[in-house]
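The primary structure of each chain is shown beneath.
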Amino acid sequence: MTASARDLHDPSADAAGDRAADVAVAAVDPIEVPGGGRIRIGTASWTDPTMTAAGVFYPTNANTAEERLQHYAATFPLVEVDATYYALPVESTAKLWVERTPPDFVFDIKAHALMTGQGTETKRLPKALRHELPEPIAAKSRLYAKDLPSDVLDAVYGIFRGALEPLREAGQLGSILLQYPKWVFPSNENRDAIAEAVARLDGLRVAVEFRNGSWLNEKNADRTLRFLRDQNAAFVMVDEPQGFKSSVPPVTAVTSDLALVRFHGRNAETWEAKNITPAERFRYLYGREELEEWAPRIRTVAEEAKDTHVLMNNCYANYGTTNAREIAAILAGELLEAD
């Protein structure tokens, strides 16, 4: 970003907090859509260190994981869990999430790396699972799904699904996000891999996000969206920097009863930067006019889908929480005018 753009889109947590004060309760409840749909708005983290720092988003007396989640769930009706990408979830944790949130609060869960063809550190796998690995594979510091015997990959999905059962039983499991890396391009082999992942998650809502723009180019867009409809998987709409191989255009389309929009910020300088934290990668405060661009598009997809989830992934400090409140206020105003 240029210096002037940086001032506008990275102004400080205090400046973002001043904006949030104007719309403090805007996102507390889902937005009811004419025709019966609902829009839930939240962020893609509630635990990032830049977000939990004193006085940024949480009250100064919210010092525990329980207090922070309770505060978050009193402010937004939706959150995305990112930690499950790095380590398989644990059932006891999901039980605590249910206990600490209202019954209508919803969790979207990011699929584990092994479920989308990406690598994971061997030491992060549960000990029982590591013991099932053949010796040459167990010695590797990093594993990919292609390295695993079929029964071990089965166990990965089994552990993942089983750990989320408390959320499913409580009606608080929103969707499973399958986020594919930029090296997953349109091919029969990759479509088959996505279809297999969706089948393994049968009975759960699944959403698919691409990080390779060729899925949505002129040649492939129709086939991609038709494929997702056939899988009954939600196409994840994105706002993100353009001009990279990993850039997906801001196409809007509904391919299941769930519409999902994720905002990654527009910081091209950090989009593909190496060795930085997610908070730094997505460090970008949207201007209100940028959010207003999306309001009619979100409203349109919300009228077609049963549920619409809007997630701010620009979770540096309070940037995501501020923008989530702002777009909720914008959308509520749009819907009110339509009545």
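What counts, and where the lines are drawn
- Residues numbered from 1 in each chain as written.
- Predicted model: local features only at pLDDT ≥ 70, side-chain atom pairs only at ≥ 80, totals over all residues.
- Heavy atoms only, no water.
- Helix = DSSP H or I, 4+ residues; strand = E, 2+ residues; numbered from the N terminus.
- Rg over C-alpha atoms; globule rule 2.2 N^0.38 Å.
- Contact = heavy atoms within 4.5 Å.
- Areas by Shrake-Rupley, 256 points an atom, 1.4 Å probe, with all protein chains shown as cover.
- Lys, Arg positive; Asp, Glu negative; His and termini not counted.
- Charge placed at Lys NZ, Arg CZ, Asp CG, Glu CD.
- Core = buried A, V, L, I, M, F, W, Y, C linked by side-chain atoms within 4.5 Å.
- Buried < 20%, exposed > 50% of the residue type's maximum accessible area, 1.4 Å probe, protein only.
- Salt bridge = Lys/Arg side-chain N within 4 Å of Asp/Glu carboxyl O.

*Asks:* Go over the overall build of the protein, please, and point to the residues and values.
*Replies:* What the protein contains, in helices and strands, is 16 helices and eleven strands. What you see for the protein is a C-alpha radius of gyration of 20 Å, in line with the 20 Å of a compact globule of 339 residues. Its C-alpha atoms put the protein at 60 × 50 × 45 Å along the principal axes. Pairs at least 24 apart in sequence give 77% of the contacts found in the protein among residues at least 6 apart. Total accessible area on the protein is roughly 14,800 Å²; 49% of this is exposed by carbon and sulfur atoms. Across the protein, the mean location of the 37 positive side-chain charges is 6 Å away from that of the 49 negative side-chain charges.

*Asks:* Give a description of the nonpolar core that names residues and reports values.
*Replies:* In globular proteins that are soluble, nonpolar side chains generally tend to be buried together. Formed by 93 residues in total, the largest nonpolar core has its most connected members in Phe107, Ile109 and Phe263. Among the elements that make up this core, the one with the highest residue count is helix α15 (residues 288-304) (six residues). The residues touching Phe263, leaving out its near neighbours within four places in the chain, are Asp239, Tyr286, Leu291, Trp294, Ile298, Val310, Leu311, Met312, Asn313, Asn314 and Ile327. Counting seven residues, the second-largest nonpolar core is a separate cluster that includes Ala16, Val56, Ala317 and Tyr319.

*Asks:* Account for the pattern of salt bridges, naming residues and giving values.
*Replies:* What the rule picks out here adds up to 24 salt bridges. What you see here is one network of salt bridges that share partners, running through Arg19, Asp22, Arg288 and Glu326.

*Asks:* Break down unusual backbone geometry for me, citing the residues and quoting the values.
*Replies:* The backbone of Ser12 sits at a positive phi, close to 125°, despite the residue not being glycine. Its location among the elements puts Ser12 in the loop between α1 (3-9) and α2 (13-21). Given a relative accessible area of 31%, Ser12 falls into the partly exposed group. Positioned with a positive phi, Asn232 is a non-glycine residue whose angle comes to about 55°. Structurally, the position occupied by Asn232 is in the loop between α12 (221-231) and β9 (234-239). Overall, the relative accessible area of 53% leaves Asn232 in the exposed class.

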